[in-house]
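# Coordinates in review
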Amino acid sequence: LLSGRGSSIGYGRSVDCYALGIIMYELIQGYSPFRYKIIDGVKTEEENSPEEILNAIVYGKIRFVNTFDKEAKSLVKKLTHKEVVKRWGSSKSGI
């Protein structure tokens, strides 16, 4: 819970789960899922613009290269699901 000047701003477990999914992607691939353009499952050397990065984050568009491990991809997708109620770890039971 973040607090400041008499008010508090909180966020739920779902944000932590989303962040865990993004960190897992970065640890596996070595770069952010939003940094490079991935076309037909192949990473290009062209970087996304700040606007494209923001849109990818807001609209939940995480692209994976073809070589991304299938089980890891499934886990990352479940942790970063756009709909919070469907995101792993965001419910009271944890899944």
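For the structure itself, look to the data block above.
Residues numbered from 1 in each chain as written. Predicted model: local features only at pLDDT ≥ 70, side-chain atom pairs only at ≥ 80, totals over all residues. Heavy atoms only, no water.

### Re the layout of surface pockets
Vacant regions in the atomic arrangement are exposed by a probe of water-molecule size rolled over the atoms. Of the volumes computed, that of the largest pocket is approximately 260 Å³. As for the largest pocket, its lining consists of 13 residues, and the residues nearest its centre are Asn-48, Glu-52, Ala-56, Lys-61 and Arg-63. Those elements that place two or more of their residues in the lining of the largest pocket are strand S3 (36–39) and helix H2 (50–58). Considering every element that reaches the lining of the largest pocket, the biggest residue donor is S3, with 4 residues. Residue composition of the lining of the largest pocket, grouped by class: 7 nonpolar, 2 polar and 4 charged. (1 Å grid on protein atoms, 1.4 Å probe; cavity = no way out; pocket = protein on both sides within 12 Å on 5 of 7 lines; lining within 4 Å. Points joined across faces, edges and corners; volume = space filled by probe spheres on them. Helix = DSSP H or I, 4+ residues; strand = E, 2+ residues; numbered from the N terminus. Nonpolar A, V, L, I, M, F, W, Y, C, P; charged D, E, K, R; others polar.)

### What about the side chain of Arg-87?
Within the secondary structure, Arg-87 sits in the segment after helix H3 (70–79). Although Arg-87 lies buried, it forms no salt bridge, and the closest oppositely charged side chain, Asp-16, sits 9.5 Å away as judged by the N-O distance. One polar contact links the side chain of Arg-87 to the main-chain carbonyl oxygen of Ser-14, over a distance of 3.2 Å. Beyond its immediate sequence surroundings of up to four residues, Arg-87 is in contact with Ser-14, Val-15, Cys-17, Tyr-18, Lys-78, Leu-79, Thr-80, His-81 and Lys-82. (Buried < 20%, exposed > 50% of the residue type's maximum accessible area, 1.4 Å probe, protein only. Lys, Arg positive; Asp, Glu negative; His and termini not counted. Salt bridge = Lys/Arg side-chain N within 4 Å of Asp/Glu carboxyl O. Polar contact = N/O pair within 3.5 Å; in protein donor to acceptor, adjacent residues only side chain to side chain. Contact = heavy atoms within 4.5 Å.)

### Focus: the pattern of salt bridges
Counted according to the given criterion, the structure contains 4 salt bridges. The residue Glu-52 makes a salt bridge to Lys-37 at a minimum N-O spacing of 2.7 Å. You can see Glu-52 sitting in helix H2 and its partner Lys-37 sitting in strand S3, a full 15 residues away along the chain. Under the relative-accessibility criterion, Glu-52 is labelled partly exposed at 32%. Between Glu-83 and Lys-86 there is a salt bridge, with its nearest N and O atoms 3.7 Å apart. For Glu-83, a relative accessible area of 40% puts it in the partly exposed group.

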